[in-house]
Amino acid sequence: MRPYFEKMDSLGKELKKGEIKRTQENVEKVLGAEKEIEAAVDKVKNAGFSTEKINARGQMTVWQRLDYLVDEGTWCPLHTLFNPTENIEGTTNVIDGLGKIAGKWAVVIGFDNKVMAGAWLPGQSENILRVTDLAKRLNIPLVWLVNCSGAKLPEQEKFYANRRGAGTPFYRHAELEQMGIPVLAGIYGTNPAGGGYQSVSPTILFAHKDCNMAVGGAGIVSGMAPQGGFNVEMAEALVEKAKVHTAKPPGSVKTHYDATGFFRYVSDEEEGVLDGIKDYMKDMPAYNPKFFRVAEPAAPGFPDDDIMRLLPMDPKKVYSFDQILARLVDGGEHTEFRPDYGPEMYTGLCKVDGFLVACIGNRQGYLGKGYPEYADYPGIGGKLYRQGLIKMNEFVTLCGRDRIPIIWFQDTSGIDVGDIAEQAELLGLGQSLIYSIQQTDVPMMLAVLRKGSAAAHYVLGGPTANRHNAFTLGTAATEIYVMHGETAAVASYARRLVKEKEAGNDLQPVVDKMNELADKYHEKSRPLFCAQTGLVDELVSLTDLRKYMVAFTGSAYQNPKSICPQHQMILPRVIKG
């Protein structure tokens, strides 16, 4: 199959001096927006006690543990800004992402021991579910850095119980292990109750000499016999009990290494725990990359910082998706699937780090005379029409057959609407695409370059309608909403305007409400809002998109659940004819 993959068609072209000069203002806008995102990330990293204070206690912070554990240059953080309940702490108190450990990809998650000693917080359980889903979808190990003081008790009702509550890692870890996906845990500090659950449920436990894990900690053990209230005499007794249990908390290394044997290894040094994880990661199931690579890895064909010039911050400006893709894939090369059909969508095979991937993205701008063929109005890129939906159905189905991971790039204003569009079966074709996606069973990644809107956000690889979505990225230009704010205002108030006009009333009060709704839509679709509420899993700089593509692709090919031999693939042959 070398003729199909080693040298593909050229994609994109070098920017001209005039283009570079013309787009400098956009570069400044991108950098300004990314700086705002960086400030929000720094706020999360600096939450709680200072690094110096944690180090003075003889402990490393979770960030220092990650730096030591993960291979240099491979860390791709996820959910950094995720805080759906707007916790006062500014975080869900777990830090996670994709990274290589001892040369192999893993999903890594750790409690932030700078914030309430790593306590359970609202939103954390949803964060953890996303992480276990990621390990499950990519079929790679999950690595925990446990340092959890238990639940933030004054807010327990927000996360303890319910179907997606804080106890679900129990069964999610069991589910991963039943699928053959190992869960490794390095355990630090005091881990009572919820912290104990997190530490005992993984597969292999690596413990620091000063750690413990227990069903209940010192405070719980001291108060396990409720008597209907408290008085000073009881308080005095509690003081004495608490002193005893604090001095010698339950579940220490003496118990869980010497007696129960739950701890497989104990290390005197913090780094020793991480060294143990590294040593085990060397033996994790993984194919040599040469097993799946179709060509030698190559850098993109053009500078990655060109993307800051090519992707307009103004959502109404047109750009070339092909030009952006050329700066993300190996050698700026591709093989396009059905280039003369469904022009609003790009579908093609590309290479990332030498691995074959399928790329799908929205093209922008005027689509040419006579398109869509079923209508008397012009087709505009970003919107989905009949041919584009049919093409994606075919392409995705063939990717599933050939076991090729899919990377989606989304910038969509929605699916074509109206009676003509309904007669063209767009509603059914959209659902057909969902069906095609679901039956592929290959990992998928989504980057929302700019707009994610209406049902098109779902069908174009969105996590809402896709159990194969490993993660979704946003950029400084991302905005996600059911429709544009002004469109929503018209949909909400058009009838009211008619009534007020017919009644001879002043229209200004209604106009004010329309502007208020449009402003609200704008505010609640910004990149930071999307990251905080989980509409995207991470906001990344435009120059880091390629890094996440490499991590996704390497993870997807590390230990796939099924294989299509390269010489038995049909999609490349369908393209070539």
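Residues numbered from 1 in each chain as written. Predicted model: local features only at pLDDT ≥ 70, side-chain atom pairs only at ≥ 80, totals over all residues. Heavy atoms only, no water.

Caption draft 1: Representation of the overall build of the protein chain within the structure. Broken down by element type, the protein chain carries 23 helices and 21 strands. Computed over the C-alpha atoms, the radius of gyration of the protein chain is 26 Å, within 12% of the 25 Å expected from 2.2 N^0.38 for a compact globule of 577 residues. Dimensions along the principal axes, computed over C-alpha positions, put the protein chain at roughly 85 × 75 × 45 Å. The buried share among the 577 residues of the protein chain stands at 53%. For the protein chain, long-range pairs separated by at least 24 residues make up 77% of all intrachain contacts whose partners lie at least 6 apart in sequence. Both charge centroids of the protein chain, one from 64 positive and one from 70 negative side chains, sit 3 Å from each other. (Helix = DSSP H or I, 4+ residues; strand = E, 2+ residues; numbered from the N terminus. Rg over C-alpha atoms; globule rule 2.2 N^0.38 Å. Buried < 20%, exposed > 50% of the residue type's maximum accessible area, 1.4 Å probe, protein only. Contact = heavy atoms within 4.5 Å. Lys, Arg positive; Asp, Glu negative; His and termini not counted. Charge placed at Lys NZ, Arg CZ, Asp CG, Glu CD.)

Caption draft 2: Expanded view of the domain arrangement of the protein chain. With domains assigned, the protein chain is organised as domain 1 (46-281) and domain 2 (484-525). Computed from C-alpha atoms alone, the centre-to-centre distance between domain 1 and domain 2 is 49 Å. (Domains from an automatic or database assignment.)

Caption draft 3: Representation of empty space enclosed by the protein. Following the criterion strictly, the structure yields three cavities of 30 Å³ or more and no others. Its boundaries defined by the atoms lining it, the largest cavity holds a volume of some 60 Å³. Forming the boundary of the largest cavity are Ile37, Val41, His79, Thr80, Leu81, Phe82, Ala531, Val536, Asp537, Glu538 and Leu539. Elements supplying a minimum of two residues to the lining of the largest cavity: α3 (24-45) and β21 (538-539). Its residues assigned to classes, the lining of the largest cavity shows seven nonpolar, two polar and two charged. (1 Å grid on protein atoms, 1.4 Å probe; cavity = no way out; pocket = protein on both sides within 12 Å on 5 of 7 lines; lining within 4 Å. Points joined across faces, edges and corners; volume = space filled by probe spheres on them. Nonpolar A, V, L, I, M, F, W, Y, C, P; charged D, E, K, R; others polar.)

Caption draft 4: Summary view of the environment of Leu134. Examined against the element boundaries, Leu134 turns out to sit in helix α6 (residues 124-138). For Leu134, a relative accessible area of 1% corresponds to the buried category. Residues Leu134 and Gly400 lie 266 residues apart in sequence; the distance between their C-alpha atoms is 19 Å. Beyond its immediate stretch of four places on either side in the chain, Leu134 contacts Leu78, Leu98, Val107, Ala470 and Phe471.

Caption draft 5: Up close: unusual backbone geometry. A cis amide bond links Tyr371 to the next residue, Pro372, at an omega of 5 degrees. Inspection of the secondary structure puts Pro372 in the loop between β13 (355-362) and β14 (383-384). Its identity is not glycine, yet His79 carries a phi of approximately 60 degrees, on the positive side. Its place among the elements puts His79 in the loop between β2 (76-78) and β3 (94-101). The class for His79 is buried, based on a relative accessible area of 5%.

Caption draft 6: Layout of a positive patch on the surface. On the surface, Arg495, Arg496, Lys499 and Lys513 cluster together into a positively charged patch. When residues of the positive patch are assigned to their parent elements, the largest contribution, three residues, is made by helix α19 (residues 485-502). Here Arg496 lies in helix α19. (Patch = residues over 30% accessible without salt bridge, like charges linked within 9 Å, V, L, I, M, F, W, Y side chains within 5 Å. Areas by Shrake-Rupley, 256 points an atom, 1.4 Å probe, with all protein chains shown as cover. Salt bridge = Lys/Arg side-chain N within 4 Å of Asp/Glu carboxyl O.)

Caption draft 7: Up close: the side chain of Glu336. One can find Glu336 in strand β11 (residues 333-336). Among the residues examined, Glu336 registers a relative accessible area of 14% and is labelled buried. Within the structure, the side chain of Glu336 is placed 3.0 Å from the side chain of Arg363, a separation counted as a polar contact. Excluding residues within four positions of it along the chain, Glu336 makes contact with Tyr346, Thr347, Gly348, Arg363 and Ile575. (Polar contact = N/O pair within 3.5 Å; in protein donor to acceptor, adjacent residues only side chain to side chain.)

Caption draft 8: Structural context of the pairing of strand β12 (residues 345-352). For β12, the buried fraction is high: eight of the eight residues fall into the buried class. Examined bridge by bridge, β11 and β12 share two bridges and lie antiparallel to one another. When the sheet's bridge partners are listed, Thr335 is paired in β12 with Leu349. Linking two consecutive strands that pair antiparallel, namely β12 and β13, is a turn of two residues; a positive phi of about 55 degrees is found at Asp353 within it. (Pairing = 2+ DSSP bridges.)

Caption draft 9: Local environment of the packing of α19 against helix α20 (residues 508-523). Taken N-terminus to C-terminus, the directions of α19 and α20 make an angle of 165 degrees; their axes are 8 Å apart at the nearest point. With respect to α20, the element α19 is oriented roughly antiparallel. Here α19 and α20 pass one another in a crossing that is right-handed. Contacts between α19 and α20 involve Gly485, Glu486, Ala488, Ala489, Val490, Ser492, Tyr493, Arg496, Leu497 and Glu500 from the first element and Val510, Lys513, Met514, Leu517, Ala518 and Tyr521 from the second. (Axes fitted to C-alpha atoms, helices over the stretch in contact; angles between N-to-C directions. Parallel < 35°, antiparallel > 145°, perpendicular 65-115°, else oblique. Left-handed = near helix turned anticlockwise from the far one by under 90°.)

Caption draft 10: Region of interest: the packing of aromatic side chains. On inspection of all chains with the given rule, the structure shows 19 aromatic pairs. A centroid spacing of 5.3 Å and a plane angle of 35 degrees characterise the contact between Phe337 and Phe395, whose relative ring orientation is tilted. Here Phe337 is found in the loop between β11 and β12, whereas its partner Phe395 is found in helix α15 (residues 386-402), with 58 residues between them in sequence. Residue Phe337 shares its accessibility class with Phe395, and that shared class is buried. Centre to centre, the rings of Phe355 and Tyr557 are 5.0 Å apart; their planes meet at 10 degrees, and the pair counts as stacked. With a gap of 202 residues between them, Phe355 in strand β13 and Tyr557 in helix α22 (residues 545-558) connect regions that are remote in the sequence. For Phe355, a relative accessible area of 5% puts it in the buried group. (Phe/Tyr/Trp six-rings, centres within 6.5 Å; stacked < 30°, edge-to-face > 60°.)

Caption draft 11: Main features of the nonpolar core. Residues Leu98, Leu142, Trp144, Leu325, Phe409 and Phe471 are the most contacted members of the largest nonpolar core, which totals 70 residues. With six residues, the top contributor of residues to this core is α22. If we ignore the near neighbours within four places in the chain, the residues touching Phe409 are Phe321, Leu325, Leu328, Cys359, Ile360, Gly361, Asn362, Ala447, Leu449 and Met549. (Core = buried A, V, L, I, M, F, W, Y, C linked by side-chain atoms within 4.5 Å.)

Caption draft 12: Molecular detail of the sheet that holds β11. Overall, mixed pairing links the eight strands, which are arranged β1-β11-β12-β13-β15-β17-β19-β21 in an open sheet. Edge strands, defined here as strands with exactly one partner in the open sheet, are β1 (9-10) and β21.

Caption draft 13: Spatial organisation of a negative patch on the surface. Residues Asp268, Glu269, Glu271, Asp275, Asp279 and Asp283 make up a contiguous surface patch of negative charge. Residue Asp283 is classed as exposed on the basis of its relative accessible area of 63%.

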